[in-house]
Amino acid sequence: MTTTDQYPTANAMRRALRRAEDGVTLDVAEAAVLLQARGADLERLCAAAARVRDAGLAAAGRPGVITYSRNAFVPLTRLCRDRCHYCTFVTVPGRLRRDGAGMYLSPDEVLEIARRGADAGCKEALFTLGDRPEDRWPEAREWLDAHGYDDTLSYLRAMAVLVLEETGLLPHLNPGVMSWTDFQRLKPVAASMGMMLETTATRLWSEPGGPHHGSPDKEPAVRLRVLEDAGRSSVPFTSGLLIGIGENPTERAESVHALRRVARAYGGIQEVIVQNFRAKPDTAMRAVPDAGLDELAAAVAVTRVVLGPGARIQAPPNLVAGEYDLMIGAGIDDWGGVSPVTPDHVSPEHPWPHVDELRARTAESGFDLAERLTVYPEFVRRGEPWLDPRLRPHVAALADPATGLARPDVTPRGLPWQEPDEPMTATGRTDLHRTVDTEGRTGDRRADFDEVYGDWEALREAAAPGMVPDRLPGPATAPERIDAELRAALAVAADDPTRLTDEQALALLHADGPALDALSATADALRRDTVGDEVTWIVTRNINFTNVCYTGCRFCAFAQRRTDADAYTLSLDQVADRAAQAWDVGAVEVCMQGGIHPDLPGTAYFDIARAVKARVPGMHVHAFSPMEVVNGASRTGLSIEDWLTAAREAGVDSLPGTAAEILDDEVRWVLTKGKLPAATWREVVTTAHRLGLRTSSTMMYGHVDQPRHWLGHLRTLADIQRTAQEAGVPGFTEFVTLPFVHTNAPVYLAGIARPGPTPRDNRAVTAMARLLLHPLVTNIQTSWVKLGPEGAAAMLRSGANDLGGTLMEETISRMAGSAHGSHMTPAGLRAIADAAGRPSRPRTTTYGTVPEERQRAADAAGGRLPDLLPLLPADAPADASADRTAPGGPTAR
């Protein structure tokens, strides 16, 4: 059933066909016109699409080849919380009981299907199931509880591991809507995953009587977010359209363009299924006409033309009524999964064709049929980060190393699947913390710069809204006098900053000239009243235990592939040695963070904390960002709360609140491809606070953001701290300003980000942090690493009261291009405070008094590791970025 737009005019059809034939990118209106092509117009459209497809196959190195995957269909559960009006796959608990079936397939039932598949030469286990049935059906919840699983996805993960180990089939997971965190849990056990977009027509979900009404997981915005999270998580992902469920041609064209946008941005959509609606008995839509095959062919052809030669397009062969030649002519290059041992449980009334028949019918159209794996050849050849290291042996056992296709002569066999259990071993440039100052980095960017971060042009489009300056009344340049609006905002800030409205706060964040001077003075007065004049600092050592990371943060110049010249990983002994060295020169804390290394064992974070505590029992372990917490929880299968509890037991005393960047997803998904969403960062931090683990808080600014984003970020932190204090827990220790270091940051090298914040920005952010976080967060830290001594002293006059630490080694900002060295002595920190006209004292992580013994050790050694770390020359400029900050990723503690 398709609700049609007005049929296009002949002129509109001719114009759209000519643009398709000329290879011009079609807009939504043109695509909508072509979706209605029939007869001779459809033939022209299909010919254009076929040429695009053929060019793509030639570029992929398999001209004239159409692929398929031989699979075993595993219907893990047919229960679902959704109520789609066309679905016969989903059932209810009562019917399952009447049929003598369980709420879920048992492990033995799963294995029986998988083993039959392996014996028949299948290489894919297609896990299909309803969305989160435990949220709707008590029987599902009871079954999971009785079998020891927290949720359906936990059981799915366990069954995927079972199939890998017992049969060697590669799991393809179709569990419906997943969160970013769910992808982290499931990626290590699945070669690929999938979820049909179906349509972006919201009315089909929101309006009573619509095919998706009453189905929370079918909201188009939710499903698009899943596709984006899959791309951010580097998961080879299958998606597609379901045509003929009531959408009109424009809505269908919009759905195709939505898939194109996600595919361009992340490069993770491995195939697009174009599936035609077929009415099923015993459903609410049983009387709705099927989508016609010409309609399907037009949809396939338009999808091919819009998505381009690099896309893989399939039409399910059991739903095309034998019209194989029509689908091939329309531009498909894949038939999808075909099973010799199981029915299509979603459309059981339409059996899959036999593989031999499919091969013969494909040959009639002049193409060869070749078997692929569930993960497409392009992703097999790319390897990391698209294939988890724990799956590499399973994929390698079945893939032709030359083509990435399936090896036809191989029968799958079970292989062990396990988390890496090798202890951390030293590899690579482990002296980078020292030589980054003397030799520098090998190059200004990674060799995979053009691929690892996503499509830069698509990213430039995504960044555009966040780069639009805030619209405020008044002159564009710094006024010589303070206008009435700013004067009123300053008066509120001086009297009671908790009463500042968002409009007043935003005006102050834009303050310049005399207004900025007045703002800084107001913040500095509040600082004096709140924490006094003493400037604090800590003798600490940063230990970045690895820089191997595939997360794809576009602001980070620290992350390396394992094969890059600057990549390194420290051993546990080296980490402990560095902590002991720091203790010997007076440190009271080590701050430990690292890249998201795919090969580290699941216990690595616990092992690191234990190693430090075993070597230096008195050292405060300030370790592991919220991103690392989520990574650790995903690898170990623990909840965030259980993981944090285990980390505390292993020796973690507090957490750095890094990985926050900007807690606004408009900006966040430009800055990073795969880092945790803002909501997940908040979940980790609030859980840590609830457990009594204190954290710092941070904001990295001056890239693709605007003051409105700073305001939202600070309001969010204030809300988190207010919640903690109302619960009777201390929460944040401090707020750390992190100016963006641009020099080697990928997002800057690509011409998207600004070259860091201006001195005006730094003063305004520091002052407004003091005002907007009052009285909840009383310590505001500035960064000498990013601003230099003179810049840090200026921030001490704008509301800051803390200088951070000695660091001893600082690699993250230095790799990004910061010019202010890797280490600062206690005397140097005191000098910065002196320059601001303020007394100073050392502190502990929680701003307590440092034991005298520690102070004597630090003073005796100068807080410096002897013969290890260079200092800036005594005659070096105090601030090499007086006119503009040169900042990068977080180096906060």
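Use the structure listed above.
Residues numbered from 1 in each chain as written. Predicted model: local features only at pLDDT ≥ 70, side-chain atom pairs only at ≥ 80, totals over all residues. Heavy atoms only, no water.

K.L.:
What is the right way to look at the overall build of the protein in this model?
P.N.:
Scanning the protein from N- to C-terminus turns up 35 helices and 21 strands. Its C-alpha atoms give the protein principal-axis dimensions of roughly 85 × 60 × 55 Å. Split into buried and exposed, the 893 residues of the protein put 62% on the buried side. Within the protein, contacts between residues separated by at least 24 positions form 79% of all contacts whose residues are at least 6 apart in sequence. Working note: accessible area of the protein is about 31100 Å², and carbon and sulfur atoms make up 51% of it. Computing the positive centroid from 95 side-chain charges and the negative centroid from 118, the protein places the two 1 Å apart. (Helix = DSSP H or I, 4+ residues; strand = E, 2+ residues; numbered from the N terminus. Buried < 20%, exposed > 50% of the residue type's maximum accessible area, 1.4 Å probe, protein only. Contact = heavy atoms within 4.5 Å. Areas by Shrake-Rupley, 256 points an atom, 1.4 Å probe, with all protein chains shown as cover. Lys, Arg positive; Asp, Glu negative; His and termini not counted. Charge placed at Lys NZ, Arg CZ, Asp CG, Glu CD.)

K.L.:
In this structure, what is going on with the environment of Glu451? I would like to understand it.
P.N.:
Along the polypeptide, Glu451 turns up in helix α18 (residues 449-452). Residues Glu451 and Glu666, spaced 215 residues apart in sequence, show a C-alpha to C-alpha distance of 22 Å.

K.L.:
What's the story with the packing of helix α1 (residues 10-21) against helix α3 (residues 40-59) in this structure? I'm lost.
P.N.:
A pair of packed helices is captured by two measures, namely the crossing angle of their axes and the spacing between those axes. Interaxial distance between α1 and α3 falls to 9 Å at its minimum, and their mutual angle equals 15°. With respect to α3, the axis of α1 lies roughly parallel. α3 is crossed by α1, and the crossing has left-handed handedness. Packed against α1, whose contacting residues are Met13, Leu17, Arg18, Ala20 and Glu21, the element α3 presents Asp41, Arg44, Leu45, Ala48 and Arg51 at the interface. (Axes fitted to C-alpha atoms, helices over the stretch in contact; angles between N-to-C directions. Parallel < 35°, antiparallel > 145°, perpendicular 65-115°, else oblique. Left-handed = near helix turned anticlockwise from the far one by under 90°.)

K.L.:
Just to check I follow, could you spell out the packing of aromatic side chains for this structure?
P.N.:
Geometry of an aromatic ring pair is reported as the spacing of the ring centres plus the angle between the planes. Taken as a whole and judged by the stated rule, the model has 15 aromatic pairs. Taking the centre distance of 5.9 Å and the plane angle of 85° together, the rings of Tyr104 and Tyr155 count as edge-to-face. Taken together, the residues Tyr104 in the loop between α4 (93-98) and α5 (107-119) and Tyr155 in helix α7 (residues 152-166) connect sequence positions 51 residues apart. The buried category is assigned to Tyr104, whose relative accessible area is 3%. An angle of 85° between the planes, with centres 5.4 Å apart, marks the rings of Tyr324 and Trp335 as edge-to-face. Here Tyr324 is found in helix α13 (residues 324-330), whereas its partner Trp335 is found in strand β8 (residues 334-338), with 11 residues between them in sequence. Looking at Trp335, the relative accessible area reads 0%, which means it is buried. One aromatic cluster in this structure is built from Phe545, Tyr605, Phe606, Phe624 and Trp643. The ring of Phe379 has Arg382 sitting right over it, with the charged end atom 4.4 Å from the ring centre. The ring of Tyr847 carries the charged tip of Arg843 above its face, separated from the ring centre by 4.0 Å. (Phe/Tyr/Trp six-rings, centres within 6.5 Å; stacked < 30°, edge-to-face > 60°. Lys NZ or Arg CZ within 6 Å of the ring centre and 35° of its normal.)

K.L.:
I would appreciate a short explanation of the nonpolar core in the present structure.
P.N.:
One broad rule of soluble globular proteins: the nonpolar side chains tend to lie buried together. With 139 residues, the main nonpolar core has Met592 and Trp681 as its most contacted residues. If you look at the next biggest cluster of nonpolar residues, it comprises 122 residues, including Met13, Ala118, Val161 and Ala315. (Core = buried A, V, L, I, M, F, W, Y, C linked by side-chain atoms within 4.5 Å.)

K.L.:
For this particular structure, what's the right way to read the pattern of salt bridges?
P.N.:
Side chains bearing opposite charge may pair, as long as their charged atoms lie close to each other. Evaluated as defined, the whole model comprises 64 salt bridges. The partner of Arg460 in a salt bridge is Glu457, and the shortest N-O contact between them spans 3.0 Å. Here Arg460 and its partner Glu457 are both found in helix α19 (residues 456-467), three residues apart, which amounts to about one turn of the helix. Residue Arg460 is classed as partly exposed on the basis of its relative accessible area of 31%. Taking relative accessible area as the criterion, Glu457 reaches 42% and is therefore assigned partly exposed. Asp859 is the salt-bridge partner of Arg830, the closest N and O atoms lying 3.3 Å from each other. Note that Arg830 is positioned in helix α34 (residues 826-835) and Asp859 in helix α35 (residues 852-861), a separation of 29 residues in sequence. Judged by relative accessible area, which is 46%, Asp859 ranks as partly exposed. Because the salt bridges share partners, they merge into one network encompassing Arg62, Arg304, Arg312, Asp333 and Glu378. (Salt bridge = Lys/Arg side-chain N within 4 Å of Asp/Glu carboxyl O.)

K.L.:
Can you walk me through the layout of surface pockets in this structure?
P.N.:
One simple way to see leftover space: roll a probe sized like a water molecule over the atoms. Reported here for the second largest pocket is a volume of approximately 900 Å³. As for the second largest pocket, its lining consists of 41 residues, of which Ala263, Arg264, Gly267, Gly310 and Arg382 are closest to the centre. Elements with a contribution of two residues or more to the lining of the second largest pocket: α11 (249-266), β6 (269-276), α12 (293-307), α15 (377-382) and α18. Looking at which element gives the most residues to the lining of the second largest pocket, the answer is α11, with five residues. (1 Å grid on protein atoms, 1.4 Å probe; cavity = no way out; pocket = protein on both sides within 12 Å on 5 of 7 lines; lining within 4 Å. Points joined across faces, edges and corners; volume = space filled by probe spheres on them.)

K.L.:
It is not clear to me how helix α28 (residues 678-690) should be interpreted in this structure. Could you clarify?
P.N.:
One turn of an α-helix holds 3.6 residues; hence residues three or four places apart share an orientation. Between its terminal C-alpha atoms α28 stretches 18 Å, which fits the 18 Å expected from 13 residues at 1.5 Å a residue. Regarding α28, the residues found buried are Ala678, Thr680, Trp681, Val684, Val685, Thr687, Ala688 and His689. The first or second residue beyond α28 is Gly692, which carries a positive phi of 90°. (Expected span 1.5 Å × (residues − 1).)

K.L.:
How do you make sense of the packing of helix α24 (residues 604-615) against helix α26 (residues 640-650) when you look at a structure like this?
P.N.:
Packing of α24 against α26 leaves a shortest axis separation of 8 Å and a crossing angle of 20°. Relative to α26, the element α24 lies roughly parallel. Considering the relative orientation of α24 and α26, their crossing is right-handed. In contact with Tyr605, Phe606, Ala609, Arg610 and Lys613 of α24, α26 contributes Trp643, Ala646, Ala647 and Ala650. Grouping the constituent residues of the contact of α24 with α26 by class yields seven nonpolar, no polar and two charged. (Nonpolar A, V, L, I, M, F, W, Y, C, P; charged D, E, K, R; others polar.)

K.L.:
What am I meant to see in the side chain of Thr733 here?
P.N.:
Tracing the backbone shows Thr733 in strand β18 (residues 732-739). Residue Thr733 is classed as buried on the basis of its relative accessible area, which comes to 6%. Not counting residues within four places of it along the chain, the set of residues in contact with Thr733 comprises Arg694, Thr695, Ser696, Asn779, Thr845, Thr846 and Tyr847.

K.L.:
Any chance you could explain α5 here in plain terms?
P.N.:
Compared with an ideal rise of 1.5 Å per residue, which puts 13 residues at 18 Å, α5 spans 18 Å between its outermost C-alpha atoms and is within 8% of the ideal. Within α5, burial applies to Val110, Leu111, Ile113, Ala114, Gly117 and Ala118. Summarising the axial view, the buried residues of α5 lie within an arc of 160°, below the 170-degree limit, and thus occupy one face. Along α5, the residues that are exposed and aim more than 90 degrees away from the buried face are Asp108 and Asp119. Buried residues along α5 sit in contact with β1 (65-77), β2 (124-129) and α7. At the exit of α5 stands Gly121, carrying a positive phi of roughly 85°. (Arc of directions from axis to C-beta.)

K.L.:
How do you make sense of the environment of Pro755 when you look at a structure like this?
P.N.:
Tracing the chain through its elements places Pro755 in the loop between α30 (746-749) and α31 (759-772). On the basis of relative accessibility, which here comes to 27%, the residue Pro755 falls in the partly exposed class. Once the C-alpha coordinates of Pro755 and His742 are considered, the two residues, 13 residues apart in sequence, prove to be 5.3 Å apart.

K.L.:
Looking at this model, I keep getting lost on unusual backbone geometry. Mind explaining?
P.N.:
Trans is the prevailing form of peptide bonds, just as negative phi is the prevailing case for residues other than glycine. Pro385 follows Glu384 through a cis peptide bond whose omega is 5°. The omega torsion of the bond from His774 to Pro775 falls at -5°, within 30 degrees of zero and hence cis. Looking at the element boundaries, Pro775 is found in the loop between α31 and β19 (780-781). Even without a glycine there, the phi angle at Ala659 is positive, about 65°. Along the chain, the position of Ala659 falls in the loop between β16 (654-655) and α27 (665-671). When its relative accessible area of 3% is taken as the criterion, Ala659 is described as buried. At Leu807, a residue that is not glycine, the phi angle is positive and equals roughly 70°. With respect to the helices, strands and loops of the structure, Leu807 is situated in the loop between β20 (802-805) and α33 (812-816).

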